[in-house]
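Examining the three-dimensional arrangement
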Amino acid sequence: MANQIQRRISTHESTSVTLLLIGVALTYLVLFLGLPLFAVFVQALSKGWDLYWKPLQEPDAWSAIKLTLLTAAIAVPANLVFGVAAAWAIAKFEFKGKSLLITLIDLPFAVSPVVSGLVYVLLFGAQGWFGPWLQAHDIKLIFAMPGIVLATIFVTFPFIARELIPLMQAQGKEEEEAAVSLGASGWQTFWRVTLPNIKWGLMYGVILCNARAMGEFGAVSVVSGHIRGMTNTMPLHVEILYNEYNFVAAFAVASLLALLALVTLVVKSLVEWQAKHSGEPLPHGA
Amino acid sequence: MSQFRAHSVLPGFNLALGFTLLYLSLIVLIPLSALFVKSATLGLDGFWHVVMGDRVLASLRVTFFASFVAAVINALFGLIVAWVLVRYTFPGKHIVDALVDLPFALPTAVAGITLATLYAPNGWLGQYFAAHDIKVAYTPLGIVVALTFIGLPFVVRTVQPVLADVEAEVEEAAASLGAGRLDVFRRVIFPAIYPALLTGFALAFARAIGEYGSVIFIAGNMPYISEIAPLLIVAKLEQYDYAGATAIAVAMLLLSFALLLAINILQWWSSRRGTR
């Protein structure tokens, strides 16, 4: 008991310092995170439910929602297949240039979203490398949906791979080797041995990838052309409404995206909790 | 082939690596190389002419300065938040912990319009600043606010696991040798978490430099004063000045790589000094 008290005195801060630090941290988080999140919903509902629902029923809003969902539905699976393939190659085999490959996979995180859009304009825009050829064949990539999908794939490129690579590296390859030596085929080994081991890490990557894919603004803004009802995603629709001083409508659409963020955080916490309790802790801790 | 990779009984290497390299090249490497090829068509003189333009220089200065200030704010408060989340318990801690990742999950445009509304002169927070004649929204200060929001999780999430790993024994030993609490922090804990803090700072800084969506709504976007470099890229694109946009993009990339390199060197140097 005396020992306990001694410990408390020597390696813990005094109560007043503790309370002060908690107070500072909470104030900071409330000011920068809590209040903005709260404000989205207050602004959206500031003129009542009727005016909240109306902008969400506009055809332009619907087409923005559909485009956002469709974009994520293509970008996330594409990066999922890539992430699994990259993690399989990197975590289960030894080869030269591996660390360079890992660095290159992270590259899109180092690039401004605006630049992520710009590179596709340089390739496929009217004055781009392939612009004349695309025009001659009447294919529109920029200021159209394919460009939006490409830019979204670019900005969300590393999410799933960088989640799976350290996880699969930490798990090693003994289980897979055992399965193969017992006669399982490659696909059987992957589906029955590897996948169950990485399911939470995979989910984690997918959730974060999806949140970014649905919310991306800068990159998509550059390649979209902002054609209402055609090439506007939800974040771009929010911008247009806001710039038209239609604040309630802007915040109404924004509130859907804020809900998406909240769902993302809840699912993410659940996945972290599940991973911890299933003996497959995610590499980044949590 | 045998030289290129070690032997393994597992199948699928060629398929997995082949697909990885193809996808990486098509989505990332070839498009990014277009950036450098395009800026090369300007020539060094042309590139220099664009980048050294007054308005471009001013926007680069605003971008890097605001990003630096925001990263410093996040380093300081992020450290406190990480400390509180690791060391103390209080009601609602798990919710607070989960909320730290909000800037990763909330679309930047939503953050942008919300912060602009909060910090506008008649907004919930802006009115208190306005009472003291301080304008936040539509000034460089507003840019710092948006970038602080965007970079908030980085320091917390890099410092948190390292801080949790600092062994209690070391602290106890220092304390039993008569070190005060502040001494223990300064001499024992801080050196252990310093590299992670620097990493978080660098990540927040790098993210802030490229940020666009959350900033443009709150910045006011006045040329020379509150116009960020990514916005100038968009403006050049809208005038179909591809070469000009590319030159600014390349300048931004080179500057941020130089910065990250400097921070990496600083980290390498300090970790060497730390382990003696």
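Residues numbered from 1 in each chain as written. Chains lettered and ligands numbered in written order. Predicted model: local features only at pLDDT ≥ 70, side-chain atom pairs only at ≥ 80, totals over all residues. Heavy atoms only, no water.

The next point concerns the overall build of chain B. When helices and strands are counted, chain B shows 13 helices and zero strands. Element order for chain B, N to C, with α for helix and β for strand: α-α-α-α-α-α-α-α-α-α-α-α-α. Dimensions of chain B, computed from the C-alpha atoms along their principal axes, are close to 70 × 65 × 35 Å. Counting every position in chain B, which comprises 276 residues, the buried fraction comes to 53%. A total accessible area of about 12,700 Å² is found for chain B, and carbon and sulfur atoms account for 67% of it. (Helix = DSSP H or I, 4+ residues; strand = E, 2+ residues; numbered from the N terminus. Buried < 20%, exposed > 50% of the residue type's maximum accessible area, 1.4 Å probe, protein only. Areas by Shrake-Rupley, 256 points an atom, 1.4 Å probe, with all protein chains shown as cover.)

Residue and element names in this part refer to chain B. Mapped onto the elements, G244 comes out in helix α13 (residues 242-275). Judged by relative accessible area, which is 1%, G244 ranks as buried. Taking the C-alpha atoms as reference points, G244 and V56, separated by 188 residues in sequence, lie 10.0 Å from one another. Beyond its immediate sequence surroundings of up to four residues, G244 is in contact with V50 and K236. (Contact = heavy atoms within 4.5 Å.)

Counting all residues, the mean pLDDT for chain B is 91, and 97% of those residues have values of 70 or more. Two numbers describe this predicted complex: its pTM, 0.92, and its ipTM, 0.91. (pLDDT = per-residue confidence, 0-100.)

A separate point is the pattern of salt bridges. With the rule as written, the count across this model stands at 16 salt bridges over all chains. Across the pair B:E227 and B:R55 runs a salt bridge, and its minimum N-O distance is 2.7 Å. Of the two residues, B:E227 sits in the loop between α11 (213-219) and α12 (229-238) while B:R55 sits in helix α3 (residues 54-87), which places them 172 residues apart along the sequence. Judged by relative accessible area, which is 35%, B:R55 ranks as partly exposed. Across the pair B:R157 and B:D101 runs a salt bridge whose closest N-O atoms are separated by 3.1 Å. Of this pair, B:R157 sits in helix α8 (residues 140-165) while B:D101 sits in the loop between α4 (93-99) and α5 (102-105), placing them 56 residues apart in sequence. You can call B:R157 partly exposed: its relative accessible area is 23%. Taken together, the shared-partner salt bridges in this structure form one network comprising A:K268, A:E272, B:D97, B:D101 and B:R157. (Salt bridge = Lys/Arg side-chain N within 4 Å of Asp/Glu carboxyl O.)

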